[in-house]
Amino acid sequence: MSSTAEELYRPGLEGIIAGETSVSTVEQDDLAYRGYTIEDLSKHASFEEVAYLLLYDDLPTQSQLDGFVAQINAHRELPGPVVDTLRAIPQNVNGMDMLRTAVSMLGHFDPIAGEGHDQDVERAIHVLAAVPTMIATRLRLGAGQDPVSPKPGLSHAGQFLYQAFGSEPTALHEKVLDLTLTLYAEHEYNASAFAARVCTSTLSDFYSAIVSGIGTLKGPLHGGANEAAMEMISRFGSGPEAEAWAHHAIANKEKIMGFGHRVYKNGDHRARILEPYTRQLGEAKGEQFRVDVYDAIKDTMWNEKKIYPNVDYPCGLAYFFMDLPIDVYTPLFVASRVTGWAAHIIEQRSNNRLIRPRSRYVGPAIRPYKPVSER
Ligand code: ACO
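Reading guide: rules and limits
- Residues numbered from 1 in each chain as written.
- Predicted model: local features only at pLDDT ≥ 70, side-chain atom pairs only at ≥ 80, totals over all residues.
- Heavy atoms only, no water.
- Pairing = 2+ DSSP bridges.
- Helix = DSSP H or I, 4+ residues; strand = E, 2+ residues; numbered from the N terminus.
- Near = heavy atom within 4 Å.
- Polar contact = N/O pair within 3.5 Å; in protein donor to acceptor, adjacent residues only side chain to side chain.
- Areas by Shrake-Rupley, 256 points an atom, 1.4 Å probe, with all protein chains shown as cover.
- Nonpolar A, V, L, I, M, F, W, Y, C, P; charged D, E, K, R; others polar.
- Axes fitted to C-alpha atoms, helices over the stretch in contact; angles between N-to-C directions.
- Parallel < 35°, antiparallel > 145°, perpendicular 65-115°, else oblique.
- Contact = heavy atoms within 4.5 Å.
- Domains from an automatic or database assignment.
- Buried area = accessible area lost by both parts, 1.4 Å probe.
- Salt bridge = Lys/Arg side-chain N within 4 Å of Asp/Glu carboxyl O.
- Core = buried A, V, L, I, M, F, W, Y, C linked by side-chain atoms within 4.5 Å.
- Buried < 20%, exposed > 50% of the residue type's maximum accessible area, 1.4 Å probe, protein only.
- Arc of directions from axis to C-beta.
- Phe/Tyr/Trp six-rings, centres within 6.5 Å; stacked < 30°, edge-to-face > 60°.
- Lys NZ or Arg CZ within 6 Å of the ring centre and 35° of its normal.

Enquirer: What am I meant to see in the sheet that holds strand β2 (residues 31-33) here?
Expert: Remark on secondary structure: sheet strands pair via backbone hydrogen bonds, oriented parallel or antiparallel. Within the open sheet, the three strands sit side by side as β1-β2-β3. Their pairing is antiparallel. The open sheet has two free edges, formed respectively by β1 (24-26) and β3 (36-37), since each of these has just one partner strand.

Following this line, the structure appears as structure tokens:
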């Protein structure tokens, strides 16, 4: 594209409005899913209500919620070939790579016939139900244990913890996982939702769009930050040790994972909501020194860079206190975000236009072709 006065270019599309959405609003002062603030949802709603809200545009009545939960429960068991695939994937493969393959495989056994809005909602429920079973199955197989079948009557969060550990979770663990699923569910035109929309805009299929989202979420600048942040926290045995490292890292212009955000410059609402629970889990676990490490890095980032933590920072440590292995943190982000991706896929389809921007050309000017012998 030739350079013109009208040309609008911002690296990373920063600040560019790339489309319209009614799924969520991400502002400095509030985050809301379909008009309901994240404060209200995280205080009052279960993740199942939030998932319904994202997929059906409004909160459910009790009978709608009961029907939705029954539908999720009906889709929890994985098709046999998907379980075989989970067994075949080497244990050292990254958890997000495992999910990318497993969700793709699930698409080959799609029980939903036909195309359309209602079929996409059903597919969303199918994937929403299957992903936690995939993560838990993989965990069990990795530990040399048999997969655990779903147990009727548990919440979505409780179900995952039951299938992962083989016993029912404490009320605190169930609450915190439910909360993180709510906080992670949706975030407007973030990189992975945008990837899912780009894929959808070509009229590709639902599963391909979800797999595009998974591949994009994996990176440590996006969802992979919860694992990277916890790996960082786990390296230190005390607050002063972490503080000394953080000064050094900042002086060396290193990126500190779990901090900063493209949109939020006054702090991430989700991190503020989650942090008290992370502290509570640390107390319950009797590992105050890890909370000291958490605070030392957070305070140093604030004192030196005036940068706040994003949701991945308290989330990594919360999952760690719940005895979840680090490799499942970003997959658990997927377990939640599939609802947001699905809402964006459905919205994109309802008013589709191929997403195909232009680039600014910075390569060589037109030049003559030379035969190999003359190069
Ligand atoms: N550590 C150290 N410095 C940082 C960080 C960080 N985590 N984040 C931003 N900065 C600094 C940059 O170095 C830059 O400083 P400079 O102006 O002196 O060069 C300034 O803040 C602006 O940073 P950018 O990278 O330009 O901001 P951008 O909007 O591109 O980045 C991003 C947003 C990618 C999230 C960035 O903050 C980052 O890399 N954070 C770490 C990864 C992370 O936690 N990602 C999770 C995001 S939330 C989510 O996906 C759920």
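Now, onward.
Enquirer: Quick question: what am I supposed to make of the site of the ligand here?
Expert: Inspection of the region around the ligand gives 22 residues, with Ile256, Gly258, Phe259, Arg262 and Asn310 positioned closest. Between the ligand and the protein, one listed contact pairs an oxygen atom with a side-chain N or O atom of Asn310 at 2.9 Å. For the ligand, the accessible surface in isolation is 910 Å², of which the surrounding protein chains cover 69%. Split by residue class, the shell around the ligand holds 10 nonpolar, six polar and six charged.

Enquirer: Just to check I follow, could you spell out the packing of helix α6 (residues 117-142) against helix α16 (residues 329-350) for this structure?
Expert: Relative orientation and spacing of two packed helices are given, respectively, by the angle between their axes and the distance between those axes. Running from N to C, α6 and α16 cross one another at 170°; their axes reach a closest spacing of 9 Å. By the criterion of interaxial angle, the relationship of α6 to α16 is roughly antiparallel. Facing α6, whose interface residues are His117, Asp120, Val121, Ala124, Val127, Leu128, Val131, Pro132 and Ile135, α16 presents Pro331, Leu332, Val334, Ala335, Val338, Thr339, Ala342, Ile346 and Arg349. For the contact of α6 with α16, the per-class residue count stands at 14 nonpolar, two polar and two charged.

Enquirer: For this particular structure, what's the right way to read the domain arrangement of the chain?
Expert: When the parts come together, some accessible area is lost, and that loss is often what is quoted as the size of the interface. Splitting the chain by domain gives domain 1 (32-169 + 178-218 + 333-350) and domain 2 (225-321). Each of domain 1 and domain 2 has a C-alpha centre, and the two are 27 Å apart. In this assembly, 10 residues from domain 1 lie in contact with 12 residues from domain 2. Taken together, both faces of the contact between domain 1 and domain 2 bury some 1000 Å²; the carbon and sulfur share is 63%. Viewed at the interface, domain 2 and domain 1 are joined by zero salt bridges. On the surface where domain 1 and domain 2 come into contact, there are four residue pairs in polar contact (both at pLDDT 80 or more). Elements supplying a minimum of two residues to the side of domain 1 that touches domain 2: α1 (38-44), α8 (171-184) and α16. If one sorts the elements of the side of domain 1 that touches domain 2 by residue count, α8 sits on top with four residues. A class-by-class count of the residues in the side of domain 1 that touches domain 2 yields five nonpolar, three polar and two charged.

Enquirer: Just to check I follow, could you spell out the nonpolar core for this structure?
Expert: Grouped burial of nonpolar side chains is what soluble globular proteins tend to show. Counting 103 residues, the largest nonpolar core has Val131, Met134 and Ile297 as its most contacted members. For this core, the element with the highest residue contribution is α6, accounting for 12 residues. The residues that make up this core include at least three from each of domain 1 (32-169 + 178-218 + 333-350) and domain 2 (225-321). If near-sequence neighbours (up to four positions away) are discounted, Ile297 is found in contact with Met232, Phe236, Ala242, Trp245, Ala246, Ile256, Phe259 and Tyr313.

Enquirer: Whenever I open this one, helix α4 (residues 80-88) confuses me. Can you help?
Expert: Residues of α4 that are buried: Val82, Val83, Thr85 and Leu86. Along the axis of α4, the buried residues cluster in a sector spanning 155°; they form a single face. For α4, the secondary structure elements touched by its buried residues are α5 (95-107) and α6.

Enquirer: Got a minute to help me understand the packing of aromatic side chains in this structure?
Expert: Centre-to-centre distance and the angle between the planes together describe a pair of aromatic rings. The full count for this structure, using the stated rule, is 11 aromatic pairs. Ring centres 4.5 Å apart and planes at 50° place the aromatic pair Phe259 and Tyr313 in the tilted group. One end of the pair, Phe259, is in the loop between α12 (239-251) and α13 (269-285); the other, Tyr313, is in helix α15 (residues 312-321), and 54 residues separate them in sequence. One aromatic cluster is present, formed by Tyr52, Tyr56 and Phe68 through successive ring pairs. Over the face of the ring belonging to Trp302 we find Lys306, whose NZ or CZ atom lies 5.1 Å from the ring centre.

Enquirer: Please explain the pattern of salt bridges as it appears in this structure.
Expert: Proximity of charged atoms lets side chains of opposite charge pair with each other. Going through the model one piece at a time under the given rule, you end up with 16 salt bridges. A salt bridge links Arg34 to Asp57; the shortest N-O distance between them is 3.3 Å. Linking Arg34 in the loop between β2 and β3 with Asp57 in the loop between α2 (47-56) and α3 (62-74), this pair joins segments that are 23 residues apart in sequence. On the accessibility criterion, Arg34 (16% relative accessible area) is buried. We note a salt bridge from Glu275 to Lys298, for which the minimum N-O separation is 2.8 Å. One end of the pair, Glu275, is in helix α13; the other, Lys298, is in helix α14 (residues 288-305), and 23 residues separate them in sequence. A network of salt bridges, in which partner residues are shared, links Asp110, Glu115, Asp120, Arg123 and Arg349.

Enquirer: In this structure, what is going on with unusual backbone geometry? I would like to understand it.
Expert: Both trends apply: most residues other than glycine have a negative phi, and most peptide bonds are in trans. Positive phi is not limited to glycine here, since Lys253 has a value of about 60°. With respect to the helices and strands, the residue Lys253 is situated in the loop between α12 and α13. Judged by its relative accessible area of 73%, Lys253 is exposed.

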